[in-house]
Amino acid sequence: MASNSSFLFLTLQKLRSSFWGVLSLSVIIIFAAVALFAYFFAPDDSAYANQMHLSIHSQPPGFEVPMIEIPQLDRSFNLMHYWTGKPALLASIPYADLKMESGQVYYRPYNVDLNTQPFQKLDLSLPSGTSLDQFRQQYTSQKRFLLGTDKYGRDLLSRMMIGARVSISIGFVAVLISLIIGIPMGAIAGFYGGRIDAIIMWIINVTWSIPTLLMVIAISIALGKGFLTVFIAVGLTMWVEIARVVRGQTIVVKEYQYITAARALGLNDYRIISRHVLPNIIAPVIIISASNFAAAILIEAGLSFLGLGAQPPIPSWGSMIKDHYQYIILDKAYLAVVPGIAIMLLVMAFMLLGNSLRDALDVTSTK
């Protein structure tokens, strides 16, 4: 136990002394915090940040517009709303101008050319004697879109925050599936060898030969498009790398003297594998898991770009690029560049973290 604690302490010291390791871990923590508390941070906390205002579509970062906000019927909040967002409590209407006639409010809908839209009557009953200034104070606000709006007039910042949930959850679940399947398969193949090893290696080679896209299409036909499809498809294509590494490490470790001593003491195979083999091969597994996390994010983005990932209205960085890639040749390239940069930063952070973990877990390194 003491040796394990000292090794962990030494590993953390090495990681802390690595600039890129600390930086990449900080970036990952920030993305994870944003994803976990997305509906607390997002300006649009409605379900999937899906409030559309077509009159203000494709507006640049920092765009401001006055909004009429009409309270809706209050609905009870439950735990599911923490993940999917709560029902919109305010109906918001972008406007260019307001006026009041005979106690009734009229508004001019927002338009690029503010003078082209006629006034429309606002369907809202006001208390008698309410002035236009009182209406402005109670029912209007100035809303700012820090990253602008997408082609449907939705807040891009909110969609980016909630989209981070998709990428991180896909990566986490895919890595978890790969570990649950890959570690036992690799350990059994490497520890027992012979026919068992040959059978498991045949399964690994067959699985590895199936392209991820074909597997996703097959699973989509069986289960339908969506989260579950991506989880299963990505996880089932990543476990083979874990299994091969675990198998190779197990073949080496099982020849060590302490394994021979454990067998001489009469310990069963399960105890030897779980208590003596796996703890000593965990370092390369951690490193590969970090790179697999990055790969899962890229695969999910690619699948969403092809329409096989998370389905609308769920925001996904890959689907956001798909919706706006044609804007790259126009003046609104940021609509596709912003989610692309987010994918690049998160993937690079995991790759750099994997490199730093490789150096930190290298027992031959003295720095």
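Reading the values: the criteria
Residues numbered from 1 in each chain as written. Predicted model: local features only at pLDDT ≥ 70, side-chain atom pairs only at ≥ 80, totals over all residues. Heavy atoms only, no water. Helix = DSSP H or I, 4+ residues; strand = E, 2+ residues; numbered from the N terminus. Contact = heavy atoms within 4.5 Å. Salt bridge = Lys/Arg side-chain N within 4 Å of Asp/Glu carboxyl O. Core = buried A, V, L, I, M, F, W, Y, C linked by side-chain atoms within 4.5 Å. Buried < 20%, exposed > 50% of the residue type's maximum accessible area, 1.4 Å probe, protein only. Phe/Tyr/Trp six-rings, centres within 6.5 Å; stacked < 30°, edge-to-face > 60°.

## Digging into the environment of Ile 272
By secondary structure assignment, the location of Ile 272 is in helix H11 (residues 269-277). Residues Ile 272 and Ile 200, spaced 72 residues apart in sequence, show a C-alpha to C-alpha distance of 20 Å. Each residue touching Ile 272, except ones within four places of it in the same chain, is listed here: Phe 191, Ile 259, Ala 262, Arg 263, Leu 267 and Val 277.

## Details of the pattern of salt bridges
On inspection of all chains with the given rule, the structure shows five salt bridges. A salt bridge links Arg 247 to Asp 197, with the nearest nitrogen and oxygen atoms 2.7 Å apart. Taken together, the positions of Arg 247 in helix H9 (residues 227-253) and Asp 197 in helix H7 (residues 194-209) put the pair 50 residues apart, joining distant regions of the chain. Across the pair Arg 358 and Asp 359 runs a salt bridge, and its minimum N-O distance is 3.4 Å.

## Here's the deal with the nonpolar core
Ile 297, Trp 317, Leu 346 and Phe 350 are the most contacted members of the largest nonpolar core, which has 29 residues in total. Put simply, the parts of the chain that give this core at least two residues each are helix H2 (19-36), helix H6 (156-192), helix H12 (282-305), helix H13 (317-324) and helix H14 (334-360). The element contributing the most residues to this core is H14, with 11 residues. Leu 346 has contacts with Phe 31, Ile 168, Ile 297 and Trp 317, leaving out every residue within four places of it along the chain. Formed by 16 residues, the second largest nonpolar core is a distinct cluster that contains Met 215, Val 234, Leu 303 and Leu 308.

## Focus: the side chain of Asn 292
For Asn 292, the location among the structural elements is in helix H12. The residues touching Asn 292, leaving out its near neighbours within four places in the chain, are Val 175, Ser 178, Met 238, Glu 241 and Ile 242.

## Focus on the environment of Gln 117
In this fold, Gln 117 is placed in the loop between strand E3 (104-109) and strand E4 (120-121). Under the relative-accessibility criterion, Gln 117 is labelled partly exposed at 23%. When the C-alpha atoms of Gln 117 and Ala 96 are compared, they prove to be 9.0 Å apart, with 21 residues separating the residues in sequence. Setting aside chain neighbours within four positions, we find Gln 117 in contact with Arg 108, Pro 109 and Asn 111.

## Side note on the packing of aromatic side chains
All told, the structure shown has 11 aromatic pairs when counted by the stated rule. Each ring, one from Phe 63 and one from Tyr 110, has its centre 5.8 Å from the other, and the planes form 70°; the classification is edge-to-face. Of this pair, Phe 63 sits in strand E1 (residues 63-71) while Tyr 110 sits in the loop between E3 and E4, and the two are 47 residues apart along the sequence. Accessibility classification places Phe 63 together with Tyr 110 in one group, the buried group.

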